[in-house]
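Here is what each chain is made of, one letter per residue.
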Amino acid sequence: MLTRFRTGLTTLTLLLAPVAMAHGPTPQKIVATIDIAAPVDRVWVLAGDFGAISRWHRGLKSSESSNGNQPGARRTLVFANGEVLHEDLDAWDADKHEYQYRMSEANVKALPASSYSAILRVSAAEQGTRVEWKSRAYRGDTGNEPPESLSDEAVTQALQQFFATGLAELKAKAEAAP
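**Notes on the nonpolar core**
Then comes step 1: Of all hydrophobic cores here, the largest spans 38 residues; its most connected members are Tyr-101, Val-131 and Trp-133.
Then comes step 2: Contributions of two or more residues to this core are made by β1 (28-36), α2 (40-47), β3 (74-79), β4 (84-93), β5 (98-105), β6 (113-125), β7 (128-139) and α3 (152-176).
Then comes step 3: Counting residues per element, this core draws most heavily on α3, which supplies seven residues.
Then comes step 4: Sequence-distant contacts of Val-131, defined by excluding residues within four places in its chain, comprise Ala-32, Thr-33, Ile-34, Ile-36, Val-43, Leu-120, Arg-121, Val-122, Leu-167 and Leu-170.

**With respect to the packing of aromatic side chains**
Then comes step 1: Per the stated rule, a full pass over the model turns up ten aromatic pairs.
Then comes step 2: Seen from their ring centres, Phe-50 and Tyr-99 are 5.7 Å apart, and the 85° between their planes marks the pair as edge-to-face. Placement of the pair is Phe-50 in the loop between α2 and β2 (60-66) and Tyr-99 in strand β5, with a sequence separation of 49 residues.
Then comes step 3: On the basis of relative accessible area, Phe-50 is assigned to the buried category, the value being 0%.
Then comes step 4: Given the relative accessible area of 1%, Tyr-99 is considered buried.
Then comes step 5: Ring plane angle 55° and centroid distance 6.5 Å describe the contact between Phe-162 and Phe-163, whose orientation is recorded as tilted. With respect to burial, Phe-162 and Phe-163 carry one shared label: buried.
Then comes step 6: Aromatic rings pair up to connect Trp-44, Phe-50, Trp-92, Tyr-99 and Tyr-101 into one cluster.

**Some points on the sheet that holds β3**
Hydrogen bonding along the main chain pairs the strands of a sheet, whether they run parallel or antiparallel.
Then comes step 1: Strands sit in the order β1-β7-β6-β5-β4-β3-β2 across an open sheet of seven strands; the sheet is antiparallel. Looking at strand neighbours, the two that pair on one side only are β1 and β2, the edges of this open sheet. Adjacent strand axes in the sheet meet at a mean angle of 20° when their direction is disregarded.
Then comes step 2: Relative to β6, β5 is paired through five bridges, and the arrangement is antiparallel. Paired with Tyr-99 across the two strands is Leu-120, which belongs to β6.
Then comes step 3: Along the sheet face, α2 touches β1, β4, β5, β6 and β7 and points at about 155° away from the line of β6.
Then comes step 4: Against the sheet, α3 engages β1, β2, β3, β5, β6 and β7, with an angle of about 15° to β1.

**Considering the side chain of Thr-165**
Then comes step 1: In this fold, Thr-165 is placed in helix α3.
Then comes step 2: Within the local environment of Thr-165, its side chain forms a polar contact with the backbone oxygen of Gln-161, the two atoms lying 2.9 Å apart.
Then comes step 3: Setting aside chain neighbours within four positions, we find Thr-165 in contact with His-57 and Arg-58.

**Considering unusual backbone geometry**
Then comes step 1: Backbone geometry places Asn-67, a non-glycine residue, at a positive phi of 70°.
Then comes step 2: The residue Asn-67 is located in the loop between β2 and β3 in this model.
Then comes step 3: Look at His-97: it is not a glycine, yet its phi comes out positive at around 55°.
Then comes step 4: For His-97, the position within the fold is in the loop between β4 and β5.

About the cut-offs
Residues numbered from 1 in each chain as written. Predicted model: local features only at pLDDT ≥ 70, side-chain atom pairs only at ≥ 80, totals over all residues. Heavy atoms only, no water. Core = buried A, V, L, I, M, F, W, Y, C linked by side-chain atoms within 4.5 Å. Buried < 20%, exposed > 50% of the residue type's maximum accessible area, 1.4 Å probe, protein only. Helix = DSSP H or I, 4+ residues; strand = E, 2+ residues; numbered from the N terminus. Contact = heavy atoms within 4.5 Å. Phe/Tyr/Trp six-rings, centres within 6.5 Å; stacked < 30°, edge-to-face > 60°. Pairing = 2+ DSSP bridges. Axes fitted to C-alpha atoms, helices over the stretch in contact; angles between N-to-C directions. Polar contact = N/O pair within 3.5 Å; in protein donor to acceptor, adjacent residues only side chain to side chain.

Note that every value here comes from positions in space, so none of it alone points to a role or purpose.
Given below as structure tokens:
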């Protein structure tokens, strides 16, 4: 009886080992910051309008928001390659100069993510303003062996690039403003 139990336990262990070793995607954390030589209020006027990101992000052809800066608003982003992505506003706080949002519908041709949430925060810094943009994202293919174009590295690189490009343009516009 004990031998049969051990044999059964060994068989069960061998059958379940691949399941135990396999895992789904883990969240990737992306953080980008930039210091801007301009007052917080000037930077917030540019960055704080949820639907107007295309005014300061050259990677986007256009952007618009339904319901303005109210939680629950949805913004539609049209990327330079023509792909469209939708994001939902979860929180917007003018006093704290920050907003939180998340992707509502995946489009891996726009960004190689299956989902993400992000926070954009504008705060006072020594020489003016610091903008922090951070995200928690999941790769575009949530299977155990995603193609390289939809991997953890792909989503991390794409969002780092998107954030860096946007923040550099935001800095240029804010510092050039009168």
